[in-house]
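# Residue-level structural notes
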Amino acid sequence: MKVAALTMVYRDYWALAHWYAHHAAQLGAESLYVVAHGPDPRIARICPGASVITVPRDDLQAFDRRRGEMLNAFQAGLHRMYDWVIRTDADELLLWDPARYGGLKEALAAQEAAPVVTALGFDLVAQDGDPDSGRLFARRRNLCFSGHYSKAVAARRPVGFVLHGTQVAARRLQGFPFTMPRGLYLAHLKYADPEALRRAVAVRMAVAGGSEGGLPGAGWRAADADAARFLSDFAEKPVKPWEKAEARAWETLSVKPARLEKYAVVKTRALKFPHRTVLPERFAGLCPLVA
């Protein structure tokens, strides 16, 4: 079974290094495709052996729409050569529970009846006292599950990924299958490193502050306040054991997806949970050590 992984990046080097190391270890560097938003030789150095595709960054008008259409087209092309195509942002890693699957390919192979797979998402959050070195999931273990980051992440045939979900023909909207396998997760790394978060916030505010039309909205314009609010809310959440927190999140989000008639999109409901949890130690070895 051939599996590719596709992402797009602009200067998010810390996250990209983990995205590359994690997915290269499972799929091989030759099956990774990185779209560089503007010329940046550092990306190829971070991702040796991966295919780096550079696209212009001289016009940010309608940023989200044009970016999504381009990535959907790249993804469709990769389906001519691969059985599955994984697509995530550069600060997102597709994980599996090692108690259920032997690796990423095994996790996808188990979903052979699903045209699209949606992963249960969580925000991984750095805490005071976390170790400064070591594998990512050994030193960053605090998290909260998120409907917003429970996204369509892999497909067996060309489909459009839109609004974190799958765009389908309008006539198929109500009957299109929604599959969120137990034990498949999307780890969102935005809050997993304070210095990387500071840099990412600065980039988002600069992009959203431009004069072009169709730029990202309030969440990017006030990215600093948005991040501060998230971290404050996270600190207030009570800690629930993984077994209970994971079960509640999966049982809640794996059913009754949102079916948006306006966009013909099937997606996870964007629900939040009032608690946080801690990643079990069995996940500690999943992401290779990144220098």
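Structural notes, computed from the coordinates. (Residues numbered from 1 in each chain as written. Predicted model: local features only at pLDDT ≥ 70, side-chain atom pairs only at ≥ 80, totals over all residues. Heavy atoms only, no water.)

This brings us to the sheet that holds strand 2 (residues 32-37). Strand order in the open sheet formed by six strands is 3-2-1-4-9-6, and the pairing between neighbours is mixed. At either margin of the open sheet sits one strand with a lone partner, and together these are strand 3 (51-55) and strand 6 (116-118). Across the sheet, the axes of successive neighbouring strands diverge by a mean angle of 20 degrees, strand direction being ignored. Summarising the sheet, strand 6 and strand 9 (residues 152-155) pair through three bridges and their orientation is antiparallel. If you follow Val117 over to strand 9, its bridge partner there is Ala154. The sheet strands contacting helix 1 (residues 13-27) are strand 1 (3-9), strand 2 and strand 4 (84-87), and the helix crosses strand 1 at an angle near 170 degrees. Packing of helix 3 (residues 63-78) onto the sheet brings it into contact with strand 1, strand 2, strand 3, strand 4 and strand 9, and relative to strand 1 it is tilted by some 160 degrees. (Pairing = 2+ DSSP bridges. Helix = DSSP H or I, 4+ residues; strand = E, 2+ residues; numbered from the N terminus. Axes fitted to C-alpha atoms, helices over the stretch in contact; angles between N-to-C directions. Contact = heavy atoms within 4.5 Å.)

The next point concerns the packing of aromatic side chains. Counted by the stated rule, this structure contains nine aromatic pairs. The interplanar angle of 80 degrees and the centroid separation of 6.1 Å between the aromatic rings of Tyr33 and Tyr82 together place this pair among those described as edge-to-face. Here the residue Tyr33 occupies a position in strand 2, and Tyr82 occupies one in the loop between helix 3 and strand 4, the gap between them amounting to 49 residues. Each member of the pair Tyr33 and Tyr82 is classed as buried. Between Tyr185 and Trp242, the ring centres sit 5.6 Å apart and the planes meet at 70 degrees, which makes this aromatic pair edge-to-face. With Tyr185 in strand 12 (residues 184-188) and Trp242 in helix 9 (residues 242-253), this pair connects stretches of sequence that are 57 residues apart. No difference in accessibility class separates Tyr185 from Trp242, as the two residues are buried. Members of the aromatic cluster, joined through ring pairs, are Phe122, Phe145, Tyr185, Trp242 and Phe283. Residue placement shows Arg42 over the ring face of Tyr13; its charged tip is 4.0 Å from the ring centre. (Phe/Tyr/Trp six-rings, centres within 6.5 Å; stacked < 30°, edge-to-face > 60°. Buried < 20%, exposed > 50% of the residue type's maximum accessible area, 1.4 Å probe, protein only. Lys NZ or Arg CZ within 6 Å of the ring centre and 35° of its normal.)

Before going further, it helps to examine the pairing of strand 12. Counting buried positions over the five residues of strand 12 gives five, a clear majority of the element. Burial of strand 12 is two-sided: the residues Leu184, Leu186 and His188 facing one way and the residues Tyr185 and Ala187 facing the other way are all buried. Here five bridges tie strand 5 (residues 92-96) to strand 12, and the two strands are oriented antiparallel to one another. Counted as the bridge partner of Leu94 is Leu186 from strand 12. Pairing analysis gives four bridges linking strand 7 (residues 120-124) to strand 12, with the strands arranged parallel.

Strand order in the open sheet formed by five strands is 5-12-7-8-15, with mixed pairing between adjacent strands. Strand pairing shows two members of the sheet lacking a second neighbour, strand 5 and strand 15 (277-278), which therefore form its edges. Here strand 8 (residues 142-146) runs beside strand 15; their pairing, made up of two bridges, is antiparallel. Bridge assignment links Leu143 to a residue of strand 15, and that residue is Thr277. In the packing of helix 9 onto the sheet, the strands contacted are strand 7, strand 8, strand 12 and strand 15, and the crossing angle to strand 8 comes to about 20 degrees.

Further remarks concern the nonpolar core. Counting residues in hydrophobic clusters, the biggest one holds 70 residues, and the most contacted among them are Ile86, Leu93, Phe122, Phe137 and Phe145. When residues in this core are grouped by element, the largest group, nine residues, is from helix 1. Apart from the residues lying within four places of it in its own chain, the contact partners of Phe122 are Leu95, Leu143, Cys144, Phe145, Ser146, Tyr185, Leu186, Ala187, His188 and Leu279. Counting 10 residues, the second largest nonpolar core, distinct from the first, contains Leu6, Val55, Leu71 and Val85. (Core = buried A, V, L, I, M, F, W, Y, C linked by side-chain atoms within 4.5 Å.)

Moving on: the pairing of strand 1. Along strand 1, seven of the seven residues are buried, which leaves the element largely enclosed by surrounding structure. With burial as the criterion, each face of strand 1 is covered, one bearing Val3, Ala5, Thr7 and Val9 and the other bearing Ala4, Leu6 and Met8. Of the strand pairs in this sheet, strand 1 and strand 4 are connected by four bridges, and their pairing is parallel. For Ala4, the partnering residue across the bridge sits in strand 4 and is Val85. By the bridge criterion, five bridges tie strand 1 to strand 2 in an arrangement that is parallel.

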